[in-house]
Amino acid sequence: MVTLAEVAQHAGVSASTVSYVLSGKRSISASTRERVEKSIQRLGYHPNAGARALASSRSNIIALMVPLRTDMYVPVMMEIAIAVATTARTHGYDVLLLTGEEGPAAVRRIAGSSLADAMILMDVELQDERLPLLREAGRAAVLIGLPADPSGLTCVDLDFEATGALCVEHLAGFGHREIAVIGEAAAVYERHTGFAERTVDGVRAKARETGVRVLHRPCEGGYAATAGTLARIFDERPGTTGFVVQNEAAVEPLLNLLRQQGRAVPEDVSVVAICPDQVAAQASVRLTSVAIPAQEMGRRAVEQVVAELAGRGTGEVELLAPELTVRASTGPAPARA
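Below, the structure is looked at part by part.

Parameters at a glance
Residues numbered from 1 in each chain as written. Predicted model: local features only at pLDDT ≥ 70, side-chain atom pairs only at ≥ 80, totals over all residues. Heavy atoms only, no water. Core = buried A, V, L, I, M, F, W, Y, C linked by side-chain atoms within 4.5 Å. Buried < 20%, exposed > 50% of the residue type's maximum accessible area, 1.4 Å probe, protein only. Helix = DSSP H or I, 4+ residues; strand = E, 2+ residues; numbered from the N terminus. Domains from an automatic or database assignment. Contact = heavy atoms within 4.5 Å. Pairing = 2+ DSSP bridges. Axes fitted to C-alpha atoms, helices over the stretch in contact; angles between N-to-C directions. Right-handed = clockwise from strand over helix to strand, strands pointing away.

**Digging into the nonpolar core**
- In this structure, I80, I120, I144 and V305 are the most contacted members of the largest nonpolar core, which totals 48 residues.
- Broken down by element, the residue count for this core peaks at seven residues, all from helix α14 (residues 294–309).
- Counting residues domain by domain, this core receives three or more from each of domain 2 (61–158 + 294–320) and domain 3 (161–292).
- Residue contacts for V305: discarding those within four places in its chain leaves I62, A118, M119, I120, A140, A141 and V142.
- Residues A250, L258, A273 and C275 belong to the second largest nonpolar core, which totals 25 residues.

Printed below as a string of structure tokens:
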């Protein structure tokens, strides 16, 4: 078994320097840290977790709070979680996954114990009940999401407001004047989940700017629910020619229903989706879309929380710029519109 002393000798530093790199207790230059980390990797050094925790008063565990709700698209949540776990491992941390809907109790449990050194919170609501406790705890933490008041918090997220605006701008550029948003399930808006609310805010702001009429309707997803939502939209706004879909479970049912109604995509109706690239590219009509940068969000969240643990945290809000990929589902508004 490789020892800490052997790592120090291989890297050409003292044993205490290796210990500081592992614990993060002191600031170490980037070049020295890199040299030590390369030696650790090359020699296959694995510090004893128990001894390391006792020596550093750290568990080297990051708690990831990701409530798995039936009204959320779990594959995206899991992609973020996997990115968190793999990135954390490269920094010498393991991940404790908390999937229950415990709310503030989960934060209290982590903050009041030595289970984890830091927390990453997902499924963030605008008025998230976990945040007061998080601010009081003084524990390193990062949100993957953006609350209404992010002051004093480190947040990483896709800029969903800009995402909604980008979708409307794209459709308005093709001459669409009546746009409908098929959103997440109603419960997502009832909880005032940040990403969903901010997307609608962005859609409405850009619609006002471009003179486009917008109708937003939540949808439970699945064929029957999407059929009901689509019928309601065309009943209320018969001239609708553009759709923004922020609900992966409604994507394929929508395309099937439009086809059954004799509405060709994109000749009669254009569709833009906010979803993973895989969903957009594999749809029956390849969808113009804004991708969810799940891996980047997870990676950046870990980098931010590791920086906080090392005393280099900035407490900033980092919003990733949306990128729209044009595929086969959008085109000029029909002349009759």
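On we go.
**Here's the deal with the sheet that holds strand β4 (residues 140–144)**
- Pairing within the open sheet is parallel, and its six strands lie in the order β2-β1-β3-β4-β5-β11. Both outer strands of the open sheet, β2 (94–98) and β11 (317–320), are each paired with one neighbouring strand and no more. For this sheet the average axis-to-axis angle between neighbouring strands, irrespective of direction, equals 20 degrees.
- Bridge count between strand β1 (residues 61–65) and β2: five bridges; the pairing is parallel.

**Quick word on the pairing of strand β9 (residues 270–274)**
- Of all five residues making up β9, five are buried, and the element is well covered by its neighbours.
- The two faces of β9 match: S270, V272 and I274 on one face and V271 and A273 on the other face are all buried.
- Sheet analysis places strand β8 (residues 242–245) next to β9, joined by four bridges and oriented parallel. From the neighbouring strand, F243 faces β9, where its bridge partner is V271.
- Of the crossover connections in this fold, the one passing from β8 over helix α12 (residues 248–260) to the parallel β9 is right-handed.
- Looking at chain direction, β9 and strand β10 (residues 288–290) are connected through three bridges and run parallel.

**Details of the side chain of Q304**
- In this structure, Q304 sits in helix α14.
- Overall, Q304 belongs to the buried group, its relative accessible area being 6%.
- Beyond its immediate chain neighbours, meaning those up to four positions away, Q304 contacts V142, T154, V156, T314, E316 and E318.

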